[in-house]
Amino acid sequence: MGIDVVLAIFFSFIIGVVFGGMALFLSRRVLINRQIRIAERKAARMVSQAGSESKNVLAEAKKEADKIKASADTDYRERRSELQRRENRLSQKEETLERKSDAVERREHNLGSREKESESIRAQLGEIRDKQLQQLELISGLSSAEAKESLIEAMEAEMQQETSRRIREWEAKLKEEANERAQAILSEAIQRCASEVVSETTTSVVPLPSDEMKGRLIGREGRNIRALEQATGVDLIIDDTPEAVTLSCFDPVRREIARLALTKLILDGRIHPARIEGVVTSTKEEVEATVYSAGEQAAHQVGVHGLSPELIKVFGRLKYRTSYGQNVLAHSIETAHIAGMIAAELGANVDVAKKAGLLHDIGKAIAHEVEGSHATIGADLVKQWDKSPEVVQAIAEHHGEAGTTSVLGFLIAASDAISSARPGARHEPLEHYLKRLEELEGIANSFKGVEKSYAIQAGREIRILVKPEEIDDLGAMRMARDIVKKIEEGLHYPGQIKVTVLRETRAIDYAK
């Protein structure tokens, strides 16, 4: 193939490329012109649509403008009418203020004239008073200063007399209260420290299988008895009483622990210091559980709920406490029931009354450990563990030591007296009972004009028959009061004693 052929091919290719480019250019230009015509038609349509929309917007804007103009006109008319009303009210107020101002000026003028009149009247009264003073001075022969001094002296003398009279009354009252307080202190001391009562309430007797056991309890050189006394805090009395030993202690719980522990040791037969300590420790746990259970059962029996465990634990110790031979726990339960019944009759709070009645003697559980009366001790205990101020107040007041003022205090005092003074409630030896009845009748018979006297109802009442020709009605009343006073001064007795003086006059005649 020659150069001419190659060149021919090359030029043919060049010519083809040029014609192809021109054809492509012409086709693109046609396409662009078509797109331009389409865009022009779209633009024309958009312009026509915009024209129609702008006409609609203008119409709506005109309508809105008309509405705003109408609303503004209405608002303007309302505001104008409101301003007109306010102007009218202001004008009326101005007229009212002008009238009031005129009235005030008239009143001021009237007050000024009245003040002048009162000053003149005051001056006239002063002149009249001076004239009366002068006349009084002429009549009495004393000046006003001398009359004042004489009046003051008379009042001082009268006040001195009244002061002396009141001082005497207060002295008599204080002496009476001091006597009553002294009697209360003595009775409390007798109850807690009298030899016979102590003998009955502070000792326990433990039987022995044989007298040989006494030596085993004492131990070599007394080591067993010392270990037992040291572990329990109780005095072990071994005397000539056959087959028995005595435990003595003011704390009834410790005495009960010692009694149970000693009973276990006697039954077991192994008695030495180590064994004693172990038995006493286990017995303490048993007694503490028994004490808590007794407190819980008592509260459940009465229907008192919500007591704190500490309070129940202390209260349960009353199971081993007696007062005049009466078990204090049983007495507390009975007092709670009586207090609840009385509260129900009076319309008082039954639950609070039962709680106060149940806990009123809780102070006796630790009365040997703390100084003070059991009422005060019990009130402090309940105040520490129970948030019932009315119960605390009733416990403190139930013996009158805090000045009984509340209804609940009177209620608990009455319930306590009923429980402790009822027949058979408290143990009293027969000879003491008979002696008290004889002394009661002896006091009644010691009065002049008494014919006969009878002590009845287990010594809680005495009936006295007087001679009607020697004792009149007023004398019978005085005799009853005097006998009551002498009984209170000379006898010691539970509860109260009723004194009844009977005077009978009989007129007898016969029809013939």
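Residues numbered from 1 in each chain as written. Predicted model: local features only at pLDDT ≥ 70, side-chain atom pairs only at ≥ 80, totals over all residues. Heavy atoms only, no water.

Overview of the overall build of the protein
The helix and strand tally for the protein stands at 15 helices and 8 strands. A fraction of 58% describes how many contacts in the protein between residues 6 or more apart in sequence connect residues 24 or more apart. Split by element, the accessible area of the protein, about 35200 Å² in all, is 55% carbon and sulfur. (Helix = DSSP H or I, 4+ residues; strand = E, 2+ residues; numbered from the N terminus. Contact = heavy atoms within 4.5 Å. Areas by Shrake-Rupley, 256 points an atom, 1.4 Å probe, with all protein chains shown as cover.)

Description of the confidence of the model for the protein
Looking at the protein as a whole, its pLDDT mean stands at 80, while 89% of the residues score no less than 70. At the level of individual helices and strands, the protein shows its lowest average pLDDT in helix α3 (residues 195-201), which scores 40, and its highest in helix α10 (residues 350-359), which scores 90. Below a pLDDT of 50 lies the segment residues 188-200, which in the model reaches 16 contacts outside its immediate sequence neighbourhood of four places, other chains included. (pLDDT = per-residue confidence, 0-100.)

Thoughts on the sheet that holds strand β8 (residues 498-503)
Spatially, β6-β7-β8 is the arrangement adopted by the 3 strands of the open sheet, whose pairing is mixed. Edge positions in the open sheet fall to β6 (450-456) and β8, since each of these has one partner strand only. The average angle at which neighbouring strand axes cross in this sheet is 15°, direction not considered. Helix α15 (residues 473-490) rests against β6, β7 (461-466) and β8 of the sheet, and its axis sits at about 155° to β8. (Pairing = 2+ DSSP bridges. Axes fitted to C-alpha atoms, helices over the stretch in contact; angles between N-to-C directions.)

So, the nonpolar core
Grouped together as the largest cluster of nonpolar side chains are 37 residues, with contacts concentrated most on Leu307, Phe315, Leu358, Leu359, Ile362 and Val382. Listed by contribution, the elements that provide at least two residues to this core are α7 (273-302), α8 (309-316), α9 (328-346), α10, α11 (374-385), α12 (389-397) and α13 (407-421). The greatest single-element share of this core, amounting to 6 residues, is contributed by α9. Here leucine 359 is in contact with Leu307, Leu311, Phe315, Val382 and Ile395, once residues within four sequence places are set aside. By size, the runner-up hydrophobic cluster in this structure holds 26 residues, among which are Val245, Ala261, Ile266 and Val287. (Core = buried A, V, L, I, M, F, W, Y, C linked by side-chain atoms within 4.5 Å. Buried < 20%, exposed > 50% of the residue type's maximum accessible area, 1.4 Å probe, protein only.)

Quick look at the pattern of salt bridges
Applying the stated criterion to the full structure yields 13 salt bridges. Here glutamate 162 and arginine 166 are joined by a salt bridge, their closest N and O atoms 3.1 Å apart. Of this pair, glutamate 162 and arginine 166 both sit in helix α2 (residues 144-193), 4 residues apart, which is roughly one turn of the helix. A relative accessible area of 31% places glutamate 162 in the partly exposed class. We note a salt bridge from aspartate 473 to arginine 503, for which the minimum N-O separation is 3.1 Å. Here aspartate 473 is found in helix α15, whereas its partner arginine 503 is found in strand β8, with 30 residues between them in sequence. Shared partners join several salt bridges into a network, and the residues in it are Glu82, Arg85, Arg86 and Arg89. (Salt bridge = Lys/Arg side-chain N within 4 Å of Asp/Glu carboxyl O.)

What about a nonpolar patch on the surface?
Nonpolar side chains collect at one region of the surface, where Ile3, Leu7, Phe10, Phe11, Phe13, Ile14, Ile15, Val17, Val18, Phe19 and Met22 lie side by side and expose about 1100 Å² of accessible area between them. Here isoleucine 15 lies in helix α1 (residues 3-140). (Patch = residues over 30% accessible without salt bridge, like charges linked within 9 Å, V, L, I, M, F, W, Y side chains within 5 Å.)

Digging into the environment of glutamate 438
You can see glutamate 438 is positioned in helix α14 (residues 430-445). Taking relative accessible area as the criterion, glutamate 438 reaches 58% and is therefore assigned exposed. Sequence-wise, glutamate 438 and alanine 455 are 17 residues apart; in three dimensions their C-alpha atoms are separated by 8.3 Å.

Digging into a positive patch on the surface
A surface patch of like charges, here positive, comprises Arg34, Arg37, Arg41, Lys42 and Arg45. With respect to the element layout, arginine 41 can be found in helix α1. (Lys, Arg positive; Asp, Glu negative; His and termini not counted. Charge placed at Lys NZ, Arg CZ, Asp CG, Glu CD.)

Some details on a negative patch on the surface
On the surface, Glu94, Glu95, Glu98, Asp102, Glu105 and Glu108 cluster together into a patch of negative charge. Relative to the helices and strands, glutamate 95 resides in helix α1. Judged by relative accessible area, glutamate 95 falls into the partly exposed class, the value being 44%.

Some details on the layout of surface pockets
The space that makes up the second largest pocket amounts to roughly 200 Å³. In terms of lining, the second largest pocket is formed by Thr232, Asp251, Val253, Arg254, Ile257, Lys284, Glu288, Val291, Lys313, Val314 and Arg317. Those elements that provide at least two residues to the lining of the second largest pocket are α6 (252-268), α7 and α8. (1 Å grid on protein atoms, 1.4 Å probe; cavity = no way out; pocket = protein on both sides within 12 Å on 5 of 7 lines; lining within 4 Å. Points joined across faces, edges and corners; volume = space filled by probe spheres on them.)

Regarding α10
The buried count for α10 comes to 7 of 10 residues, which makes it a mostly enclosed element. Three or more residues of α10 are buried, namely Val352, Ala353, Lys355, Ala356, Gly357, Leu358 and Leu359. Where α10 starts, the residue carrying a side-chain oxygen 3.1 Å from the main-chain nitrogen of aspartate 351 turns out to be asparagine 349. (Polar contact = N/O pair within 3.5 Å; in protein donor to acceptor, adjacent residues only side chain to side chain.)

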